[in-house]
Amino acid sequence: MPGPVTDPRPDTEPDTEPDTGPTPTVVSVVLVVVILGFAFEPGVVLPRPAAVPMLLLQLATCLPSTRRLRGAWTLAAQILLAPWSGLPGFLGASVLLVVERPFRWALFTVVVLAAGLLAPGDGSVHSVLNGIGNALAHGLIIYALTRLTDLYTELRATRGALAEALVAAERERAGRSLDAVLGTALAEIIRLAGQGTGAARELVAVARTATERVRAAPPAQSADEVGIPSAALTPRVVWPIVVATHLEYLVVGTAFLLDTGVPGGWVAAYTAALAAVLGLQAYHSLPRPPGVRPPYAAWTLGVQLALALGVLAAPDGPYPQLVAFAVASVLIVLPGRTAWPAAGVLTALAAIAVLIRTDGPTAGGTALLLLDIVVIASVFYGLALLTALVHRVREARAALASLAVARERRRIARDVHDLLGYGLSAIALKGELAARDPDRERAAAHLADAAALADRALADLRAIPGDGPDLTLSGEVAAAREVLAAAGIAVRVRGEADTVDGASEALFATVLREAVTNVLRHAAGARRCEVDLGPGLLRVADDGRVLPVPARAEGTGAGADGVGGNGLGNLGERVAALGGFLEAGPTPHGRGYVLTVRLESARSVLVSPSG
């Protein structure tokens, strides 16, 4: 059975699906690295075995592949483990991920404040603030990275959903537009046909005006012209968390400087350097489209590197943590081919600067400092990377939706042209016959035929915004005989519609309808029309007078329409989509026109041309 006449090009066009980025599994690596970095901070995992199940529960709560396990039981287990794990930030992140909105931030605040009371150390202001700051930063960052990973996974998995919704909306809009323009004209034709022969000429004028609208329909809009709702560059949760974590590092770092007994002048200098490095790192982390560097990046990155490396030579001892923020900025600002080697060099410089100082830490302490650099750099680079990936997948969804809507507009425009032109031309012909025929009964019969054709065209019009009307080749052959005979054109059909396979039938029915329309409109003085049917072959020839402008549409479906309008170009696209080709042009002696469609997928039947 033939299917509806639809545009097959969405499955065969050279338009490629926009790249939606790496798989969620690859993206999850960033989250895993950060969680492991937080867990393996100095003195956490090995001295505190409770940190191991806490870590495993956090991974189960955060990773997309195990997100279904996230719930009250995982949160309850982490509450029990939190006091002995040394990882209150993990509990804070889980509270934000599991608890409902009205209570999550209040409970998160309780967890963060409790972390200050449970923080290891001598109970100094710095140790308390450090415990609160670590819990705050770890909780917010893990929460943000998890939300970004979840959002990325969801957007990537549903990247076709926006396209489907917009195509449905476009079909509804097109239906209203078509009904307002052509539906009104067809309804007017039906009304005029019921008024008798006195309204026949007005009926013809309405039909011809509608025909010209169909034949001269503008091309469908391109993908660039499709309006897609814009999305925020980054989820709202990210930027406040970036600001909060930078402020936390500033407060805790200042408290550390005050607690170490550094002279006041140096405290001010170190605090200014810390604030500048953190501020520049926050500036570099501002959400931007992928590939867009911050303005004046060469200067801002240079100043940040100078400050971060300069404090390594501080007289009161090296402060390599600032290098971590510089490394994060390098990874964010520079292209990947340059960024990773540069980050490695910076980390090595920090290690060398610490080891060569007599007042520096031991080798073990240096290793822990380097781990801290890697963790901090991974955190802020991960936030920037996942934010860019979310933006990228959103853009890909919008591009897919644009392509889908543009294709749907093109399909509707082609179907309107190819399927309604025939009916309107036949209606105009019937109206002219009614106006000229002195026999009232025959004239009334012609008007009744015009009304029936208008009813059929109206049904086709309303089906086009959906999947398109169902066409059968046998039905189109019968309709061609009737309408051409009414125009005084003898029709000869060779072959049977049953010999055409199902895959070709809907296409051949559409081509035959357009060919008959061209005979009625452009084959002046035609008296004979021949239709040849066979497996993979349709040929329509007439003996009318046409302009000798040959046209050929093969492969791309593009070609000149030797008889005006968009008909052959549209048909060429349909034929090319099924792997065939279309030839159309006048006969060699200049009288008559031949249109031939061959599908290579079916067995070709060669038919000798007749003139």
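For the structure itself, consult the block above.
To start, this report covers the structure provided alongside it.

**Some remarks on the overall build of the protein chain**
The helix and strand tally for the protein chain stands at 18 helices and six strands. Here the protein chain holds 611 residues, and the buried ones make up 51% of them. Summarising the internal contacts of the protein chain: among those between residues at least 6 apart in sequence, 74% fall at separations of at least 24. When the accessible area of the protein chain is evaluated, it comes to approximately 26,900 Å², of which 63% is carbon and sulfur surface.

**Thoughts on the packing of helix 6 (residues 125–157) against helix 9 (residues 238–259)**
Relative orientation of the contacting elements helix 6 and helix 9 amounts to 160°, with a least axis distance of 9 Å. It follows that helix 6 is roughly antiparallel to helix 9 by the angle criterion. Judged by the sense of rotation from one axis to the other, the crossing of helix 6 with helix 9 is left-handed. Contacts between helix 6 and helix 9 involve His126, Leu129, Asn130, Gly133, Asn134, Leu136, Ala137, Leu140, Ile141, Tyr143, Ala144 and Leu148 from the first element and Val238, Ile241, Ala244, Thr245, Glu248, Val251, Val252, Ala255, Phe256 and Asp259 from the second. Within the contact of helix 6 with helix 9, the residues separate by chemical class into 15 nonpolar, five polar and two charged.

**Digging into helix 11 (residues 297–310)**
Taking 1.5 Å per residue, 14 residues should reach 20 Å; helix 11 reaches 19 Å between its end C-alpha atoms and fits that length. For helix 11, every residue scored as buried is listed here: Ala297, Thr300, Leu301, Gln304 and Ala308. Summarising the axial view, the buried residues of helix 11 lie within an arc of 95°, below the 170-degree limit, and thus occupy one face. Exposed and oriented more than 90 degrees from the buried face of helix 11 are Ala298, Trp299 and Ala306.

**What about a nonpolar patch on the surface?**
Judged by side-chain polarity, Trp239, Val243, Leu247 and Leu286 come together as a nonpolar surface patch covering roughly 310 Å² of accessible area. With respect to the secondary-structure elements, valine 243 resides in helix 9.

**Digging into unusual backbone geometry**
Backbone geometry places tyrosine 296, a non-glycine residue, at a positive phi of 60°. With respect to the element layout, tyrosine 296 can be found in the loop between helix 10 (264–284) and helix 11.

**Thoughts on the pairing of strand 3 (residues 537–545)**
Strand residues, when the strand is regular, have side chains that alternate between the two faces of the sheet. The element strand 3 is largely enclosed, with a buried count of eight among its nine residues. With six bridges connecting them, strand 2 (residues 528–534) and strand 3 associate as antiparallel partners. For aspartate 532, the partnering residue across the bridge sits in strand 3 and is arginine 539. The turn joining strand 2 and strand 3, which pair antiparallel and follow one another in sequence, is formed by two residues; a positive phi near 75° is taken by glycine 536. Taken together, the seven bridges between strand 3 and strand 6 (residues 591–599) define a ladder with antiparallel strand orientation. Note that in strand 6 the partner of arginine 545 across the bridge is arginine 591.

**Remarks on the pattern of salt bridges**
Applying the stated criterion to the full structure yields 13 salt bridges. With a closest N to O distance of 2.7 Å, arginine 494 and aspartate 532 form a salt bridge. Taken together, the residues span a long stretch of sequence, with arginine 494 in strand 1 (residues 490–494) and aspartate 532 in strand 2 at a distance of 38 residues. Taking the relative accessible area as the measure of exposure, aspartate 532 reaches 1% and is therefore buried. Taking the shortest distance from any N to any O, the salt bridge between arginine 528 and glutamate 530 comes out at 2.7 Å. Beyond isolated ion pairs, a larger network of salt bridges with shared partners links Arg494, Arg528, Glu530, Asp532 and Arg539.

**Points about the environment of aspartate 455**
Mapped onto the elements, aspartate 455 comes out in helix 15 (residues 440–463). A sequence separation of 266 residues divides aspartate 455 from isoleucine 189, and the C-alpha atoms of the two residues are 9.4 Å apart.

**Some remarks on the side chain of threonine 74**
Summarising the element assignment, threonine 74 is placed in helix 3 (residues 72–85). According to the relative accessible area criterion, threonine 74 is buried, its value standing at 1%. The contacts of threonine 74, once residues within four sequence positions are left out, are Leu57, Thr61 and Leu69.

**Re the packing of aromatic side chains**
Within this structure, the stated rule accounts for six aromatic pairs. When the ring of tryptophan 105 is compared with that of phenylalanine 108, the centres are 5.8 Å apart and the planes differ by 85°; the resulting orientation is edge-to-face. Here the residue tryptophan 105 and the residue phenylalanine 108 both occupy positions in helix 5 (residues 101–118), the gap between them amounting to three residues, near one helical turn. Classification of tryptophan 105 as partly exposed rests on a relative accessible area of 36%. Exposure remark for phenylalanine 108: the relative accessible area of 4% places this residue in the buried category. Ring geometry for tryptophan 340 and tyrosine 381: centres 5.5 Å apart, planes at 90°, overall edge-to-face.

What counts as what
Residues numbered from 1 in each chain as written. Predicted model: local features only at pLDDT ≥ 70, side-chain atom pairs only at ≥ 80, totals over all residues. Heavy atoms only, no water. Helix = DSSP H or I, 4+ residues; strand = E, 2+ residues; numbered from the N terminus. Buried < 20%, exposed > 50% of the residue type's maximum accessible area, 1.4 Å probe, protein only. Contact = heavy atoms within 4.5 Å. Areas by Shrake-Rupley, 256 points an atom, 1.4 Å probe, with all protein chains shown as cover. Axes fitted to C-alpha atoms, helices over the stretch in contact; angles between N-to-C directions. Parallel < 35°, antiparallel > 145°, perpendicular 65-115°, else oblique. Left-handed = near helix turned anticlockwise from the far one by under 90°. Nonpolar A, V, L, I, M, F, W, Y, C, P; charged D, E, K, R; others polar. Expected span 1.5 Å × (residues − 1). Arc of directions from axis to C-beta. Patch = residues over 30% accessible without salt bridge, like charges linked within 9 Å, V, L, I, M, F, W, Y side chains within 5 Å. Salt bridge = Lys/Arg side-chain N within 4 Å of Asp/Glu carboxyl O. Pairing = 2+ DSSP bridges. Phe/Tyr/Trp six-rings, centres within 6.5 Å; stacked < 30°, edge-to-face > 60°.

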